[in-house]
Amino acid sequence: MLDQRVWRWLGLLAVLVLAGSGAAGSGSCTIYVQPDASLQEAIDDAPAGAVICLEAGIWEENLLIDKDLTLKGAVAAESVIRGIEPGWPVISVEGPEGTQVAIEGIAVTDAVPGSPRTWRESSMWIVGAVSVAVTDVVLASNWVGIDIGATATLSATDSSIVRNERYGISARGSAQVTLTDVTVDENGWYGVYIADSARATLITAVVRANGGAGVVAEHSAQIEVADSTVAGHAETGIEVWDSADVTVSGSTVADNGERGIAVGHEAHLTVAHSTVSGNGLHGIQLADLAEVTLTDNLIYENQAYGVALFEQPCFDWRWSFGGYVAGQGNSIPGPDEPLGNQLGAYCPDSLGFLTSEAGGELDRR
């Protein structure tokens, strides 16, 4: 009799034959998996560098990818992977240093809740020194959309991270994340949360309508937000805390329930050529020992101040701002001007240099 290993390899051979049988997208496929076949078995048996292609359909399993591999669906709305194991990510990527994984045209949904709830209940959990590229992927309806840590690298393009219970994406350790043309929408807490010494770059991204804040940087994290929109959050558009460093350029931060941008502790913030408008309280709020530079921005129609230091008389607060503010060329209308900020352009009055062409600074360090 043939032993179990032989039967398994015969099954893989059948899958490879199907890959060459003219199925959609099979030109670049080395392995082709039908919805009624085990995707994990195909991953386990595939040689490093294989391209595993999926037809339209639903796979209900939790996957571990630990080698160089491409997982390629028809389109994200039609090739769906759902989790079945409580408390585990739908897709885990963890392999030797230098492992490269690409995931394309797939929807990853419905991690099964464990007890207690954990970060692992994500659409995708990425750890170790691996590199993951995500294109045309939907990550939805989990505890976290993507959780990435250690020294992993993620590049996401033309994808959506939506309706997860906690965060859209969480990056920790010294992970590096690039989001290009990605939508992070309607997640329960934060849209993009970057902590520890992780780094993130958002390019032409849309971070919208998340339950808490849109983009949050803590600890010594670094974030660059370029040509993007951060809007419609229940609380704050962008929060910068601890010693984090955030740069915002050519972007819109608008219509958030409380503040457009809040920066505090010993954090650094640079905002240039951007619009901060229509927020429920202040456009930009500065606190503690923060260091901030504002250049050539439009800051208007915020319900309180356009720019405010978290101190008296701007707030009923006994602490004084002890940081640094510099800037020039900003348009920040007052309440008597068209599109004015309702309580005032800025507070205190010593921030008037922000609207001058010559510019200036306020240094209390």
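Structure first, text after, so check above.
Throughout what follows, the structure given in this document is the object of discussion. (Residues numbered from 1 in each chain as written. Predicted model: local features only at pLDDT ≥ 70, side-chain atom pairs only at ≥ 80, totals over all residues. Heavy atoms only, no water.)

## A few points about the layout of surface pockets
With a probe scaled to a water molecule rolled over the atoms, the places where space remains empty come into view. To be explicit about the condition: Put simply, the grid is 1 Å and covers the protein atoms alone, a cavity is a trapped set of points that fit a 1.4 Å probe, a pocket is an open set with protein on both sides within 12 Å along at least five of seven lines, and lining residues have an atom within 4 Å of a point. Grid points are joined across faces, edges and corners, and a volume is the space filled by probe spheres set on the points. Asp, Glu, Lys and Arg are counted as charged, while Ala, Val, Leu, Ile, Met, Phe, Trp, Tyr, Cys and Pro are counted as nonpolar; the rest, among them Gly, fall into the polar class.
By volume, the second largest pocket amounts to about 150 Å³. Along its surface, the second largest pocket is lined by 13 residues, and Arg199, Ala200, Thr201, Gln222 and Glu224 are the ones closest to its centre. Classifying every residue of the lining of the second largest pocket gives four nonpolar, six polar and three charged.

## Points about the pattern of salt bridges
Proximity of charged atoms lets side chains of opposite charge pair with each other. Keep this limit in mind: When a carboxyl oxygen of Asp or Glu lies within 4 Å of a side-chain nitrogen of Lys or Arg, that pair is called a salt bridge.
According to the stated counting rule, one finds eight salt bridges in the structure shown. Where Arg365 meets Asp363, a salt bridge forms, and the shortest distance between an N and an O atom there is 2.8 Å. Among the charged side chains, a network of salt bridges with common partners joins Glu60, Arg82 and Asp110.

## As for the environment of Thr270
Keep this limit in mind: Each helix is a run of DSSP H or I of at least 4 residues and each strand a run of E of at least 2, with the numbering of both proceeding from the N terminus. Accessibility here uses a 1.4 Å probe with only protein chains present; expressed as a share of the type maximum, an area under 20% marks a residue as buried, one over 50% as exposed, and anything in between as partly exposed. Throughout, a contact is declared for two residues whenever any of their heavy atoms are within 4.5 Å.
Following the sequence through the fold, Thr270 ends up in strand β29 (residues 268-272). Overall, the relative accessible area of 31% leaves Thr270 in the partly exposed class. Residues Thr270 and Leu294, spaced 24 residues apart in sequence, show a C-alpha to C-alpha distance of 6.1 Å. Contacts of Thr270, omitting those with residues within four sequence positions, involve Val246, Thr247, Val248 and Thr293.

## Concerning unusual backbone geometry
Excluding glycine, residues mostly have negative phi values, and the peptide bonds linking residues are mostly trans. Put simply, Gln312 and Pro313 share a cis peptide bond, and its omega is 5°. Tracing the backbone shows Pro313 in the loop between β34 (305-309) and β35 (324-328). Notably, Ala150 is not glycine yet its phi reads approximately 55°, a positive angle. Of note, Ala150 is situated in the loop between β13 (144-148) and β14 (153-157). What makes Ala150 partly exposed here is its relative accessible area of 37%.

## Quick look at the state of the cysteines
Let me state the cut-off plainly: We call a pair of cysteine sulfur atoms a disulfide whenever their separation is within 2.5 Å.
All told, the structure shown has two disulfides when counted by the stated rule. Each sulfur of the disulfide joining Cys314 and Cys347 lies 2.2 Å from the other. On the sign convention where negative means left-handed, the S-S torsion of about -95° between Cys314 and Cys347 marks this disulfide as left-handed. In this pair, Cys314 is assigned in the loop between β34 and β35 and Cys347 in strand β36 (residues 344-347), connecting sequence segments 33 residues apart. The class for Cys314 is buried, based on a relative accessible area of 12%. Look at Cys347 and you get buried, because its relative accessible area is 7%. Looking at the chain, its bonded cysteines, counted consecutively from the start of the sequence, adopt the pairing 1-2, 3-4.

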